[in-house]
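If you want the building blocks of each chain, they are given just below.
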Amino acid sequence: MHDALDDAALLAAELLARRWLPRQHPRVRRALIDAEVWQAVQDRLAQVGLRLVDNIHADHVAVALLRGAEAAVFGETGLNANNNARLPRDAVSLLVLLWSLIVLPKRERQAARAATADADTQTDMFAAERPLPSAASVSPSVSYKALLADFGPQLGRKTRMDGNLKRLENRGFITRHGDDIAEGPLLDLLLDYDALAPRILEGALGDVLARTRQQADESKDAL
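Rules of the game
Residues numbered from 1 in each chain as written. Predicted model: local features only at pLDDT ≥ 70, side-chain atom pairs only at ≥ 80, totals over all residues. Heavy atoms only, no water. Helix = DSSP H or I, 4+ residues; strand = E, 2+ residues; numbered from the N terminus. Buried < 20%, exposed > 50% of the residue type's maximum accessible area, 1.4 Å probe, protein only. Contact = heavy atoms within 4.5 Å. Areas by Shrake-Rupley, 256 points an atom, 1.4 Å probe, with all protein chains shown as cover. Pairing = 2+ DSSP bridges. Axes fitted to C-alpha atoms, helices over the stretch in contact; angles between N-to-C directions. Phe/Tyr/Trp six-rings, centres within 6.5 Å; stacked < 30°, edge-to-face > 60°. Lys NZ or Arg CZ within 6 Å of the ring centre and 35° of its normal. Core = buried A, V, L, I, M, F, W, Y, C linked by side-chain atoms within 4.5 Å. Polar contact = N/O pair within 3.5 Å; in protein donor to acceptor, adjacent residues only side chain to side chain. Arc of directions from axis to C-beta. Parallel < 35°, antiparallel > 145°, perpendicular 65-115°, else oblique. Left-handed = near helix turned anticlockwise from the far one by under 90°. Nonpolar A, V, L, I, M, F, W, Y, C, P; charged D, E, K, R; others polar.

Q: Let's hear about the overall build of the protein chain: which residues, and what values?
A: Of the regular secondary structure elements, the protein chain holds ten helices and six strands. A total of 223 residues make up the protein chain; the buried ones form 38% of that total. Contacts in the protein chain between residues far apart in sequence, at least 24 positions, make up 62% of those at least 6 positions apart. About 13200 Å² of surface is accessible on the protein chain, with carbon and sulfur atoms providing 52% of the total.

Q: Break down the sheet that holds strand β6 (residues 180-183) for me, with residues and values.
A: Read across the sheet, three strands follow the order β4-β6-β5 without closing on themselves; strand pairing throughout is antiparallel. Every interior strand has two partners, whereas the edge strands, β4 (142-143) and β5 (174-177), have only one. As paired elements, β5 and β6 share four bridges and run antiparallel to each other. If you follow Ile174 over to β6, its bridge partner there is Glu183. Relative to the sheet, helix α8 (residues 157-170) contacts β5 and β6, its axis offset from that of β5 by approximately 115°.

Q: So what's going on with the packing of aromatic side chains? Residues and values would help.
A: The tally for this structure, following the rule as stated, stands at one aromatic pair. Ring centres of Trp99 and Tyr193 lie 5.7 Å apart, and the angle between their planes is 50°; this geometry places the pair in the tilted category. Placement of Trp99 in helix α5 (residues 89-121) and of Tyr193 in helix α9 (residues 193-201) is noted, with a sequence separation of 94 residues between them. Accessibility expressed as a relative area gives 23% for Tyr193, which makes it partly exposed. The ring of Tyr193 is capped by Arg107, whose NZ or CZ atom sits 4.0 Å from the centre of that ring.

Q: Which residues make up the nonpolar core, and what values do they have?
A: Across soluble globular proteins, nonpolar side chains show a tendency to be buried alongside one another. Residues Leu98, Trp99, Leu147 and Phe173 are the most contacted members of the largest nonpolar core, which totals 34 residues. For this core, the secondary-structure elements that each account for two or more residues are β3 (60-65), α5, α7 (144-151), α8 and α9. Of all the elements, α5 adds the most residues to this core, at eleven residues. Ranked by size, the runner-up nonpolar core spans 15 residues in total, among them Ala40, Leu50, Leu52 and Val63.

Q: Outline unusual backbone geometry, supporting the account with residue identities and numerical values.
A: Positive phi is not limited to glycine here, since Arg19 has a value of about 80°. Along the chain, Arg19 falls in the loop between α1 (2-18) and β1 (20-22). Located in the positive-phi region is Arg157, a residue other than glycine, with phi close to 65°. Tracing the sequence through the fold places Arg157 in helix α8.

Q: Residue-level account of the side chain of Glu14, with values.
A: Looking at the secondary structure, you find Glu14 in helix α1. The class for Glu14 is buried, based on a relative accessible area of 15%. At 3.2 Å, the side chain of Glu14 forms a polar contact with the side chain of His25. Apart from the residues lying within four places of it in its own chain, the contact partners of Glu14 are Arg19, Leu21, His25 and Arg27.

Q: Any chance you could break down α7 for me, citing the residues and the numbers?
A: Residues of α7 that are buried: Tyr144, Leu147 and Phe151. On an axial view of α7, the arc spanned by its buried residues comes to 65°, and they lie on one face. In α7, the exposed positions angled more than 90 degrees off the buried face are occupied by Lys145 and Ala149.

Q: Give a description of the packing of α7 against α8 that names residues and reports values.
A: Where α7 meets α8, the closest approach of the two axes is 11 Å, and the angle between their N-to-C directions is 130°. Judged by the inter-axis angle, α7 sits oblique to α8. For the pair α7 and α8, the crossing hand works out as right-handed. Residues Tyr144, Leu147 and Leu148 of α7 touch α8, and the partners they reach there are Arg157, Lys158, Met161, Asp162 and Leu165. Class assignment of the residues belonging to the contact of α7 with α8 gives a composition of five nonpolar, no polar and three charged.

These results come straight from atomic positions and should not be treated as a statement about function.
This is the structure we're talking about:
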């Protein structure tokens, strides 16, 4: 038990220091397969109003405030704001747009590959459980130039959008590699998929995303 508590304390401390850790980190891997260590980490974090955040579709784990601590930390003004990451409204709009362009198709690809793997195991005499495809292997990137051309006027044009992209990158929501904007460690952890996905897919943004995807497919076919 003492070893488990020691590992829990080290993992909690490292999460607080680094903000997020990859699922392949040795202590994270142990917590994910050892229920006692996982609960010990949650107990340690709960003592300071935090919780461990993880989902199988993401390649990282992180910490977030417990619901009961949010009012004390942010106050009523913070809770009634459009976000608690101190992002301006147009940065939040950009964040939701990038989440839609990256996380939604990534989840579809993960589900499709998992379904294919399940079908393959039907003929495998010694089939073993196969993990969900990693986010890195199926997560699409977004072209900065295309984003600016398609949504720049709605997002404050180049100067404003560049500033907001930097904010999102600094907060761990995205990463940038040249012209490509990719999923960051927190993009699929701190935004609630179950709450956000239906609103996007059933709302006006769903039509915009459908047109964007169709244009991308037509561009590929033209190559």
